[in-house]
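Report on the structure
Read off the chains here:
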Amino acid sequence: MRGLDTVLFDWDGTLVHSERVCYEAFSRSMEHFGVPFSEEIYARHFTPDWRRMYRELGLPESRWAEAEELWTRHYGERVPELRAGAENVMRALRERGVLLGVVSSGSRARVKGEIAAHGFSGSFGAVVCGEDVRLPKPHPEGVLRALGQLQKDPRRSCYVGDHPVDMETGRRAGVRVFGIRSGFPAPGLGEAADRLLASLDELLLFTEN
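Keep in mind it's a predicted model, so treat the numbers as computed, not measured.

1. Remarks on the sheet that holds strand S1 (residues 6–9)
Strands pair in a sheet through their backbones, by hydrogen bonds, and they do so in one of two ways: parallel or antiparallel. An order of S5-S4-S1-S6-S7-S8 is seen for the six strands of this open sheet, with the pairing classed as parallel. Bordering the open sheet on either side are strand S5 (126–128) and strand S8 (195–197), each of which pairs with just one other strand. Between one strand axis and the next, the sheet turns by 25° as a mean value, whatever way the strands run. Note: S1 against strand S6 (residues 157–161), four bridges, orientation parallel. Pairing of valine 7 across the sheet is with cysteine 158, part of S6. Of the strands in this sheet, S1, strand S4 (99–103), S5 and S6 are in contact with helix H7 (residues 141–150), which crosses S5 at around 155°.

Right under this line is the structure:
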């Protein structure tokens with residue numbers, strides 16, 4: 001798996017520790033609708049596909065847009081911290097000539113705002129967010145769109161994420177898939193990934209020529 005020249009990242013949980021902020025935003029939003037919500041319920045239903053999550057929580061589709069607006073408002077009260085080592089690893093990858101991108105289910109305004117807040121606006125050659133695709137993860141549209149923008153071959157690319165849905169997304173796009181654990185519920189991540197990373201630094205092993 002050496003010789004990768006393109007690394008695409010999921011954003012939440014993978015590069016930033018947004019786990020607690022995300023949970024609290026969901027909790028406050030569901031409280032508004034009177035939908036039962038707890039850490040146990042969250043662990044059972046969490047998925048990067050928020051539409052599916054709302055459906056499983058029993059929230060009517062007619063209220064999803066309002067729920068997303070509330071979630072975004074609550075989430076936006078804090079900027080999540082970077083995962084340890086993320087800045088150094090991205091710098092090292094860029095110095096090797098590796099192209100970087102982000103493929104996230106999050107909203108464009110939020111994800112790009114957080115990228116800017118952490119000083120990474122010039123780091124990613126492609127940023128594909130929820131509004132940029134017609135079909136959400138695990139459909140490979142987002143990863144394929146990012147590769148198209150970077151003009152890179154899937155066979156020399158990888159997607160790094162913290163959930164089995166990310167692994168399925170990347171695999172369906174024909175790229176290598178690396179899992180990294182975060183605070184988000186992700187049962188089966190190790191089995192779904194080509195390799196489970198102990199830290200982001202391990203990516204440097206696979207970008208050597």
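Here the narrative resumes, following the displayed structure.
2. A word on the packing of aromatic side chains
Two measures describe an aromatic ring pair: the distance that separates the ring centres and the angle between the ring planes. This structure, assessed with the given rule, holds 14 aromatic pairs. The interplanar angle of 65° and the centroid separation of 5.5 Å between the aromatic rings of tryptophan 50 and tyrosine 54 together place this pair among those described as edge-to-face. Highlighted residues: tryptophan 50 and tyrosine 54, both in helix H3 (residues 50–57), separated by four residues, approximately one helical turn. Each member of the pair, tryptophan 50 together with tyrosine 54, is buried. An aromatic cluster is defined as three or more aromatic residues linked by ring pairs; in this entry it consists of Tyr23, Phe26, Phe37, Tyr42, Phe46, Trp50, Tyr54, Trp64, Trp71, Tyr75 and Phe184. In this structure, arginine 110 is placed above the aromatic ring of tyrosine 75, and the distance from its NZ or CZ to the ring centre is 4.6 Å.

3. Overview of empty space enclosed by the protein
Vacant regions in the atomic arrangement are exposed by a probe of water-molecule size rolled over the atoms. The full count for this structure, using the stated rule, is two cavities of 30 Å³ or more. In this model, the largest cavity occupies a volume close to 290 Å³. In terms of lining residues, the largest cavity is bounded by 23 residues, among which Asp12, Pro48, Ser105, Gly106 and Arg110 are the most central. Residue assignment for the lining of the largest cavity shows that the elements contributing at least two residues are helix H1 (19–33), H3 and helix H4 (64–75). With three residues, the top contributor of residues to the lining of the largest cavity is H4. The residue makeup of the lining of the largest cavity, split by class, is nine nonpolar, seven polar and seven charged. A volume near 130 Å³ is recorded for the second largest cavity. For the lining of the second largest cavity, the secondary-structure elements that each account for two or more residues are H3 and H7.

4. Observations concerning the pairing of strand S7 (residues 176–180)
Within S7, four of the five residues are buried, leaving the element largely enclosed by the surrounding structure. Relative to S7, S6 runs parallel, the two being bridged by four bridges. Bridging across to S7, tyrosine 159 finds its partner in valine 177. On the question of chirality, the crossover connecting S6 to the parallel S7 by way of helix H8 (residues 164–173) is right-handed. With three bridges connecting them, S7 and S8 associate as parallel partners. Each bridged residue has a counterpart across the sheet, and for phenylalanine 178 the counterpart in S8 is arginine 195.

Rules and cut-offs
Residues numbered from 1 in each chain as written. Predicted model: local features only at pLDDT ≥ 70, side-chain atom pairs only at ≥ 80, totals over all residues. Heavy atoms only, no water. Pairing = 2+ DSSP bridges. Helix = DSSP H or I, 4+ residues; strand = E, 2+ residues; numbered from the N terminus. Axes fitted to C-alpha atoms, helices over the stretch in contact; angles between N-to-C directions. Contact = heavy atoms within 4.5 Å. Phe/Tyr/Trp six-rings, centres within 6.5 Å; stacked < 30°, edge-to-face > 60°. Buried < 20%, exposed > 50% of the residue type's maximum accessible area, 1.4 Å probe, protein only. Lys NZ or Arg CZ within 6 Å of the ring centre and 35° of its normal. 1 Å grid on protein atoms, 1.4 Å probe; cavity = no way out; pocket = protein on both sides within 12 Å on 5 of 7 lines; lining within 4 Å. Points joined across faces, edges and corners; volume = space filled by probe spheres on them. Nonpolar A, V, L, I, M, F, W, Y, C, P; charged D, E, K, R; others polar. Right-handed = clockwise from strand over helix to strand, strands pointing away.

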